[in-house]
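# Examining the three-dimensional arrangement
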Amino acid sequence: MKLILLGAPGAGKGTVAKLLTKIDGSVQISTGDILRGAVTAGTDLGKEAKGYMDAGDLVPDELIMNIMGERLLEDDCKNGFLLDGFPRTIPQADALKELLVKLDITLDMAVNLDVPRDVIMDRLTTRRTCSNKDCQAIYNVKSMPSKVEGICDKCGSETIQRADETEEAIGNRLATYNEKTAPLVEYYLGEGLLLNVQATSSDVAVAEVTKQLNV
Ligand code: ADP
Ligand code: ZN
């Protein structure tokens, strides 16, 4: 499957993407994960992106398009991909459209995970992420705690609250989402690609997507 996953921060794009990869071997491509990997590795890209990310602002479109232009050329994309956190702006969506024409790739759908704001706020402030960059497992202190508090079940590393998950940064991320990313829902409706999902749980969202795609 070749999908775009849309939704506010905390809507569950990453979780839904991971579940979908298990169905047909499509790869999850998360621009957030790629950027955090670059920050940890201390590359030029990481140095440029870090300030924006910690403040909860978007990284410039040009940087993101450079990343995605290369990523979509990699072999593992041939079986399908789930774009998680990209595109985030109308210019990114326009650039992606052009890129896909050039690569002769057709998208199946853009899936919008629709989650109420209070649910989002609650999820984001209680989220913990494994600090091991090769693991990055996600937990929730309320709904999905690790077996030992503060320790990742999968790899034993410390679980942490991301720098952009302080209350102030979260407020900024949601405002940025409303201003820059929410208009993409209309955009993909206009493209005839939109599937809106009332994503109360990730399982419900996955079931809805697989039903639509007949997989
Ligand atoms: P979220 O949990 O907010 O959905 P991500 O993990 O997708 O966050 O991204 C974390 C940060 O990385 C964003 O707040 C932003 O600074 C940057 N980022 C990720 N994807 C993009 C993108 N497509 N365009 C611009 N900035 C991005
Ligand atoms: Zn881990």
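Just above sits the structure.
Residues numbered from 1 in each chain as written. Chains lettered and ligands numbered in written order. Predicted model: local features only at pLDDT ≥ 70, side-chain atom pairs only at ≥ 80, totals over all residues. Heavy atoms only, no water.

## Regarding the packing of helix H2 (residues 31–41) against helix H4 (residues 61–71)
- Contact geometry of H2 with H4 gives a least axis separation of 11 Å together with a crossing angle of 105 degrees. The angle between H2 and H4 falls in the class roughly perpendicular. Seen from H2, the contacting residues are Thr31, Ile34 and Leu35; seen from H4, they are Ile64, Ile67, Met68 and Arg71.
- Tallied by class, residues from the contact of H2 with H4 come to five nonpolar, one polar and one charged. (Axes fitted to C-alpha atoms, helices over the stretch in contact; angles between N-to-C directions. Helix = DSSP H or I, 4+ residues; strand = E, 2+ residues; numbered from the N terminus. Parallel < 35°, antiparallel > 145°, perpendicular 65-115°, else oblique. Contact = heavy atoms within 4.5 Å. Nonpolar A, V, L, I, M, F, W, Y, C, P; charged D, E, K, R; others polar.)

## A closer look at the site of ligand 1
- Surveying the vicinity of ligand 1 reveals 18 residues, the closest of which are Thr31, Arg36, Asp57, Gln92 and Arg173.
- A distance of 2.9 Å separates a nitrogen atom of ligand 1 from a polar backbone atom of Gly85.
- Here Arg162 contributes a side-chain N or O atom positioned 3.5 Å from an oxygen atom of ligand 1.
- The fraction of the free accessible surface of ligand 1 (550 Å²) that becomes covered by protein chains is 96%.
- Here the shell around ligand 1 takes four residues from H2, the largest share from any one element.
- Among the residues forming the shell around ligand 1, the class breakdown is seven nonpolar, four polar and seven charged. (Near = heavy atom within 4 Å. Polar contact = N/O pair within 3.5 Å; in protein donor to acceptor, adjacent residues only side chain to side chain. Areas by Shrake-Rupley, 256 points an atom, 1.4 Å probe, with all protein chains shown as cover.)

## Topic: the coordination of the zinc ion (ligand 2)
- Surrounding the zinc ion (ligand 2) are the protein donor atoms Cys130 (SG), Cys135 (SG), Cys152 (SG) and Cys155 (SG), which sit 2.3 to 2.4 Å from the metal.
- Bound by four donor atoms, the zinc ion (ligand 2) shows angles of 98 to 114 degrees at the metal and therefore tetrahedral coordination geometry.
- On the basis of relative accessibility, which here comes to 22%, the residue Cys135 falls in the partly exposed class.
- Residue classification places Cys152 among the buried residues on the basis of a relative accessible area of 3%. (Donors = N, O, S within 2.8 Å, 3.2 Å for Na, K, Ca; no water. Tetrahedral: all angles 85-135°; square planar, octahedral: opposite > 155°, others 65-115°. Buried < 20%, exposed > 50% of the residue type's maximum accessible area, 1.4 Å probe, protein only.)

## Digging into the sheet that holds strand S5 (residues 127–130)
- Strand order across the open sheet formed by three strands is S6-S5-S7, with antiparallel pairing between neighbours. Of all the strands in the sheet, just strand S6 (138–140) and strand S7 (159–160) have a single pairing partner and so form its edges.
- As judged from the three bridges shared by S5 and S6, these two strands associate in the antiparallel manner. When the bridges of S6 are listed, Arg127 appears paired with Asn140. (Pairing = 2+ DSSP bridges.)

As far as function goes, none of this settles anything; it's purely spatial.
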